[in-house]
Amino acid sequence: MSEILLGVNVDHIATLRQARGTTYPDPVLAAGIAEMAGADGITIHLREDRRHIVDRDVAIMSQTVQTRLNLEMAVTDEMVAIACEHKPHFVCLVPEKREELTTEGGLDVVGNLEKITEAVTKLTDAGILVSLFIDADDEQIDASTASGAPFIELHTGHYADAEDEAEQQAELKKIAAAASYAADKGLKVNAGHGLHYHNVLPIAAMPEIIELNIGHAIIARAVMVGMDAAVREMKTLMVQARQGEA
Ligand SMILES: CC(=O)[C@@H](O)[C@H](O)COP(=O)(O)O
Ligand SMILES: NCC(=O)COP(=O)(O)O
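The rules behind each value
Residues numbered from 1 in each chain as written. Chains lettered and ligands numbered in written order. Predicted model: local features only at pLDDT ≥ 70, side-chain atom pairs only at ≥ 80, totals over all residues. Heavy atoms only, no water. Near = heavy atom within 4 Å. Polar contact = N/O pair within 3.5 Å; in protein donor to acceptor, adjacent residues only side chain to side chain. Areas by Shrake-Rupley, 256 points an atom, 1.4 Å probe, with all protein chains shown as cover. Nonpolar A, V, L, I, M, F, W, Y, C, P; charged D, E, K, R; others polar. UniProt positions renumbered as here; feature names shortened; annotations may be inferred. Helix = DSSP H or I, 4+ residues; strand = E, 2+ residues; numbered from the N terminus. Buried < 20%, exposed > 50% of the residue type's maximum accessible area, 1.4 Å probe, protein only. Contact = heavy atoms within 4.5 Å. Core = buried A, V, L, I, M, F, W, Y, C linked by side-chain atoms within 4.5 Å. Axes fitted to C-alpha atoms, helices over the stretch in contact; angles between N-to-C directions. Parallel < 35°, antiparallel > 145°, perpendicular 65-115°, else oblique. Left-handed = near helix turned anticlockwise from the far one by under 90°.

## Here's the deal with the site of ligand 1
Okay, so step 1: By nearness alone, every residue bordering ligand 1 is listed as Asn-9, Asp-11, His-12, His-45, Arg-47, His-52, Glu-72, Val-94, Thr-102, Thr-103, Phe-133 and His-193.
Okay, so step 2: Here an oxygen atom of ligand 1 and a side-chain polar atom of His-193 are 2.5 Å apart.
Okay, so step 3: Alone, ligand 1 offers 350 Å² of accessible surface; in the complex the protein occludes 92% of this.
Okay, so step 4: Considered class by class, the residues forming the shell around ligand 1 number two nonpolar, seven polar and three charged.

As structure tokens, this is what we get:
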């Protein structure tokens with residue numbers, strides 16, 4: 001039975017800090033608590049508009065994260081330079097639009113293969129493992145393979161946003177098929193976006209999926225029960241799902 005790993009995204013600890021321009025709550029501290037509670041990695045998304053995670057957070061967490069730091073970023077020269085400076089364990093290349101409330105879709109690797117391959121090469125040469133945040137789509141998976149990226153992260157947002165059971169099941173089948181197709185191609189498969197305590201089980205049960213990156217739902221839960229409990233509860237659910245006990 002393969003292990004399922006939890007990457008905790010602490011962006012929205014920083015959202016609360018940026019709301020008032022204070023120095024608290026600190027995503028660095030939240031990351032440490034999450035790791036002590038069983039997180040297998042920490043994810044942060046340095047957006048071009050710095051609406052939550054800022055450059056200071058990347059610089060410090062590149063030194064303090066004890067598990068693995070996953071830096072999500074747009075495919076730009078600025079972000080590639082920042083990643084090569086701080087050398088997180090992972091970089092996950094994501095699409096970004098300033099006007100978006102949150103990430104809306106997967107990266108168009110097919111339509112931007114040359115630019116993405118150049119970024120993957122630079123980051124790989126810097127010793128960073130690159131993941132591409134893509135929709136559950138075979139053409140995007142094939143292009144990801146061609147780019148040289150060893151990992152993909154399947155966008156689970158369409159599954160999470162499904163408006164009824166039929167749509168949710170259809171999206172689940174797409175993700176399961178994509179995970180299997182990608183793993184058969186030799187890609188390492190992660191998943192994330194919009195996962196929470198009531199929709200995570202079927203995704204965590206998929207044997208090809210190595211790691212789930214989950215943020216908003218864990219931080220929202222942490223507001224009520226604390227970061228330690230929120231992380232432990234999510235990790236327990238994921239492990240039970242993978243072991244077929246949930
Ligand atoms: C790529 C992805 O799905 C998230 O990790 C991303 O960070 C979402 O953006 P916000 O954290 O700004 O909502
Ligand atoms: N890549 C997904 C991620 O890091 C967290 O997304 P969300 O759980 O905040 O939607």
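## So, the UniProt feature "site: Transition state stabilizer" (unreviewed entry) in the protein
Okay, so step 1: Under the local residue numbering, the UniProt record ascribes the feature "site: Transition state stabilizer" (unreviewed entry) to Glu-153.
Okay, so step 2: By the element assignment, Glu-153 lies in strand E6 (residues 151-155).
Okay, so step 3: Take Glu-153: its relative accessible area is 2%, and that puts it in the buried class.
Okay, so step 4: When near neighbours in sequence (up to four residues on either side) are disregarded, Glu-153 contacts Glu-72, Cys-92, Ser-131, Leu-132, Phe-133, Ile-134, Asn-190, Ala-191, Gly-192 and Asn-213.

## Some thoughts on the nonpolar core
Okay, so step 1: Membership of the largest hydrophobic core comes to 74 residues, with the highest contact counts inside it found for Ile-42, Leu-93 and Leu-212.
Okay, so step 2: What Ile-42 contacts, discounting residues up to four positions off in sequence, is Val-8, Val-10, Ala-31, Ala-34, Glu-35, Met-61, Val-65, Thr-67, Arg-68, Leu-69 and Asn-70.

## Considering the packing of helix H10 (residues 216-225) against helix H11 (residues 227-242)
Okay, so step 1: Where H10 meets H11, the closest approach of the two axes is 7 Å, and the angle between their N-to-C directions is 130°. Here H11 runs oblique to H10, going by the angle between their axes. Handedness of the crossing formed by H10 with H11: right-handed. In this structure, H10 contributes Ile-218, Ile-219, Arg-221, Ala-222 and Val-225 to the contact, and H11 contributes Met-227, Ala-229, Ala-230, Val-231, Glu-233 and Met-234.
Okay, so step 2: Residue composition of the contact of H10 with H11, by class: nine nonpolar, no polar and two charged.

## Some words on the site of ligand 2
Okay, so step 1: Close to ligand 2 lie Asn-9, Thr-43, Glu-72, Phe-133, Glu-153, Gly-192, His-193, Gly-194, Asn-213, Ile-214, Gly-215 and His-216, which account for all nearby residues.
Okay, so step 2: Separating a nitrogen atom of ligand 2 from a side-chain N or O atom of Glu-153 is a distance of 2.6 Å.
Okay, so step 3: Backbone polar atom of Gly-215 to an oxygen atom of ligand 2: 2.7 Å apart, as the coordinates give it.
Okay, so step 4: For ligand 2, whose unbound accessible area comes to 310 Å², protein coverage reaches 92%.

## Quick look at the side chain of Glu-100
Okay, so step 1: Structurally, the position occupied by Glu-100 is in the loop between strand E4 (90-93) and helix H5 (113-125).
Okay, so step 2: Within the structure, Glu-100 has its side chain in polar contact with the side chain of Arg-47 (distance 2.9 Å).
Okay, so step 3: Once residues within four sequence positions are removed from consideration, Glu-100 is found in contact with Arg-47, Arg-51 and Pro-95.

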